[in-house]
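# Descriptive structure summary
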Amino acid sequence: MMTAPKRLRFRRTLSMPGLLKVIRARFERIPDPVRHRKSPLVDHLMAGMAMFFFKFPSMLTFDRRARGPEARPELVHNLKTLFGIGHVPCDTSLRERLDEVDPQALRPAFKAVFSEFQRGGGLEAMPTIDGRYLVSIDGTEHFCSRSIKCKRCSQRNLRSGETEYFHQMVCACLVAPGTPFVLPFMPEPVLKSDGAKKNDCESNAIRRLLPDIRREHPHLKLCVLMDGLHSKAPQTRLLRELGMSFIIGAKHGDHKILYEQLAVDGETCEITSPDGTRHVFRWRNGAELNNSNRDLWVNVLEYRELVPERRVRKAGGEVRVEPARERTFGWITDIELRRDRLMEVMRAGRSRWKIENETFNTLKSFDNLEHSYGHGKNWLGSLMPTIMLLEYLVENVLNLCCQVHRAVRTTFHARTEMWKIMCAFILTSRLGGWEDLMRKAAPRLLWQRGPPAPAA
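In this report, the structure presented in the accompanying data block is examined.

### What about the overall build of the protein?
Counting its secondary structure elements, the protein contains 15 helices and 13 strands. Its C-alpha atoms give the protein principal-axis dimensions of roughly 75 × 70 × 50 Å. Across the 456 residues that make up the protein, the buried fraction comes to 53%. Considering only intrachain contacts with a sequence separation of at least 6, the fraction spanning at least 24 residues in the protein is 67%. Element-wise, carbon and sulfur atoms account for 50% of the exposed surface of the protein, whose accessible area totals about 21,300 Å². Counting 73 positive and 53 negative side-chain charges, the protein places the centres of these two groups 5 Å from one another.

This is the structure we're talking about:
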């Protein structure tokens, strides 16, 4: 007997209106240095969230759509009904007011969204290894100029004699093999005092980031994934002090002593997949990290992937030949290596790339991470990417936990199509709220009227 299709309705907290309410409550607690103004600071911060959610390419475009000769009264109305913005700030006001907000003031908002995600059972969608959730950590540069600068800019001297000013940040994201969504934690800006060399500045920022994550999530079991730049003794000791497991890339050229020990008495194993791919493992439990830290013991895993030549038929009938390829990876870890969990550890180690593919590359190509949205003189250059990551966290929580958002998303071929349709409605229609917007975007879905579901 066929069952009736399930009708859609928002969850109380794990929905767009619910999460925006949570975020707004944290924004309202941020001290406003300029009081008794027509537009409070919380309206500026929520305007930043709206700008990134609806993918406006710049502050100026957002300002032109809300004010001036290109103004859309529907947009002003919808910003109030969707984001609770009482007075839409202008481009100049956004830059000046947000320039005085320390990005660290957004930390409670990140924690609150993650807490609601955890309380609502969202972590069940994120597979673990050895009972620990995977956290990928990496750094990215989101601003660079030879003329524009602020007092927070790092700088490096070029061979041409010119000085380059830049901003970097180190990000941490909850990832899982086979899951396309990542959940960003509060990022850590790279400070001018951290230096200009990639190894030094990222390492110094990570030493601040890891204790912050442990302090905010004291009971969450975590396994940290990092690249070969951080397979050093200080980072390894810090992770153990914080009670975090790790899987860190380790290159042969950087760890000759380590791989010599592996060559002497390492165990080997080979697994062949149904598609003909050969997975060759060599591992050892208990090896000295290097000559300078003989008291620091780690487990080391070397993995070779050998993919045979394949003939792939494309949609038009054309046959494409993909040549055979071979790749080699290496990691150090504190997880005990056994024959029955080698594939699991390997997939976890390779999922570190999700912070590049599903975070940095997505934000750079679709959400303009490298567009500064105004550089300012103080904090603006670091604050706007932080707001962008907060919006991205909300978006991925909705993808994992909100049946309404998932159902609307699946009615479109691509993510960009959904945002284009939603942007068209906020510019042309007066909306009563998020449910009204979702109904217009996907009118063929079955909707349930009534109060929101009681579950968080």
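### Things to note about the packing of helix H14 (residues 415-428) against helix H15 (residues 434-441)
Relative orientation of the contacting elements H14 and H15 amounts to 120°, with a least axis distance of 10 Å. The orientation of H14 with respect to H15, classified from their angle, is oblique. For the crossing formed where H14 meets H15, the hand is right-handed. Between H14, through Ile421, Met422, Phe425 and Ile426, and H15, the contact on the second element is made entirely by Trp434, Leu437, Met438, Lys440 and Ala441.

### Some words on the nonpolar core
Residues Phe27, Phe54, Phe83, Ile137, Leu174, Met422 and Trp434 are the most contacted members of the largest nonpolar core, which totals 137 residues. Counting residues per element, this core draws most heavily on helix H12 (residues 380-401), at 14 residues. Excluding residues within four positions of it along the chain, Phe54 makes contact with Leu82, Phe83, Met422, Cys423, Ile426, Trp434 and Leu437.

### Focus on the side chain of Asn293
You can see Asn293 is positioned in the loop between strand E9 (278-288) and strand E10 (297-307). With sequence-adjacent residues up to four places away left out, Asn293 is seen in contact with Ala233 and Arg237.

Criteria and thresholds
Numbers given for residues are sequential positions, taken from 1 along each chain in its written order. Where local features are concerned, this predicted model is filtered to residues with pLDDT of at least 70; where side-chain atom pairs are given and counted, the filter is 80 or more; whole-chain, interface and lining totals use all residues. The side-chain quantities take in all heavy atoms of the structure and omit both hydrogens and water. Secondary structure counts use DSSP, requiring at least four H or I residues in a row for a helix and at least two E residues in a row for a strand, with both numbered from the N terminus. Buried, partly exposed and exposed residues are distinguished by accessible area as a fraction of the type maximum, computed with a 1.4 Å probe on protein chains only: under 20%, between the cut-offs, and over 50%, respectively. Only heavy atoms enter the contact rule, under which two residues are in contact if any of them lie within 4.5 Å. In short, Shrake-Rupley with a 1.4 Å probe defines the accessible areas, and a residue's cover is counted only from the protein chains shown. As used throughout, the charge tally considers Lys and Arg to be positive and Asp and Glu to be negative, leaving His and the chain termini uncounted. Throughout, a charge is located at the NZ atom of Lys, the CZ atom of Arg, the CG atom of Asp or the CD atom of Glu. For helices, the fitted line uses only the C-alpha atoms of the stretch in contact; every axis is such a line through C-alpha atoms, and the angle between N-to-C directions lies from 0 to 180 degrees. Any angle that falls under 35 degrees is termed roughly parallel, while one over 145 is termed roughly antiparallel, one within 65 to 115 roughly perpendicular, and all others oblique. Helix crossings get a hand from a simple test, with the near helix turned counterclockwise from the far one by less than a right angle marking a left-handed crossing and a clockwise turn marking a right-handed one. Grouping buried Ala, Val, Leu, Ile, Met, Phe, Trp, Tyr and Cys residues that are joined through side-chain atoms within 4.5 Å yields what is termed a nonpolar core.

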